[in-house]
Amino acid sequence: GQTKGEAQQGNPVGQGSDGKGNSWSLNGRGMRSEFFKPSYEGKEEGRIVVEIRVDASGNVISTSIVKGTTITDERLRELAKEAILKLKFTTGNGVAYGTITYSFNMK
């Protein structure tokens, strides 16, 4: 979702969707930024699932492609991880773990 607000606001269940098949889930943290998604210019349909780690300040500190990913295009996988590094989440205690799922469909 496109959740915006103060650092202490957010989604108490820690998940959201942009309404286009893309979603996120992160241990009770809300999203403070726009939901960034890479531009898609390829011919492969499917999804990319990325495990994320977010620090106490709400910054994404690591990304890893995980099970459930059906897209093999390495360039698109890297673009997805780069887009995720732009996301900002609400603050919390310690490191939070979650996933971002991007769906890609040919237009």
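Please refer to the structure placed before this passage.
Keep in mind the model is a prediction, meaning the values are calculated, not measured. (Residues numbered from 1 in each chain as written. Predicted model: local features only at pLDDT ≥ 70, side-chain atom pairs only at ≥ 80, totals over all residues. Heavy atoms only, no water.)

## Thoughts on the pairing of strand β4 (residues 60–65)
Bridge count for strand β3 (residues 46–54) against β4 is 5 bridges, and the pairing is antiparallel. Note on β4: the bridge partner recorded for Ile52 is Thr63. What sits between the antiparallel neighbours β3 and β4 is a turn of 5 residues, in which Gly58 has the positive phi angle 95°. (Pairing = 2+ DSSP bridges. Helix = DSSP H or I, 4+ residues; strand = E, 2+ residues; numbered from the N terminus.)

## A look at the pattern of salt bridges
Within this structure, the stated rule accounts for 2 salt bridges. Residue Glu74 pairs with Arg77 through a salt bridge whose shortest N-O separation is 3.9 Å. Placement of both Glu74 and Arg77 in helix α1 (residues 74–84) is noted, with a separation of 3 residues, approximately one turn of the helix. Two residues, Glu78 and Lys81, come together in a salt bridge whose shortest N-O distance is 3.3 Å. You can see Glu78 and its partner Lys81 sitting in helix α1, 3 residues apart, about one turn around the helix. On the basis of relative accessible area, Lys81 is assigned to the buried category, the value being 18%. (Salt bridge = Lys/Arg side-chain N within 4 Å of Asp/Glu carboxyl O. Buried < 20%, exposed > 50% of the residue type's maximum accessible area, 1.4 Å probe, protein only.)

## Remarks on the environment of Lys86
Relative to the helices and strands, Lys86 is located in the loop between α1 and β5 (96–104). Judged by its relative accessible area of 52%, Lys86 falls in the exposed class. Taking the C-alpha atoms as reference, Lys86 lies 9.7 Å from Lys37; in sequence the two are 49 residues apart. In this structure, Lys86 is in contact with Ser33 and Phe36, ignoring residues within four places of it in sequence. (Contact = heavy atoms within 4.5 Å.)

## Structural notes on the packing of aromatic side chains
Under the defined criterion, the tally for this structure stands at 3 aromatic pairs. Relative to Tyr102, the ring of Phe35 has its centre 5.7 Å away and its plane inclined at 70°; by these criteria the two rings are edge-to-face. Taken together, the residues span a long stretch of sequence, with Phe35 in the loop between β2 (23–26) and β3 and Tyr102 in strand β5 at a distance of 67 residues. Using a relative accessible area of 6% as the deciding quantity, one classes Phe35 as buried. Three or more aromatic residues joined by ring pairs make a cluster, and in this case those are Phe35, Tyr102 and Phe104. Seen from the ring of Phe104, Lys37 lies directly overhead, with NZ or CZ sitting 4.6 Å from the centre. A cation sits over an aromatic face here: Lys86 above Phe36, 5.7 Å from the ring centre. (Phe/Tyr/Trp six-rings, centres within 6.5 Å; stacked < 30°, edge-to-face > 60°. Lys NZ or Arg CZ within 6 Å of the ring centre and 35° of its normal.)

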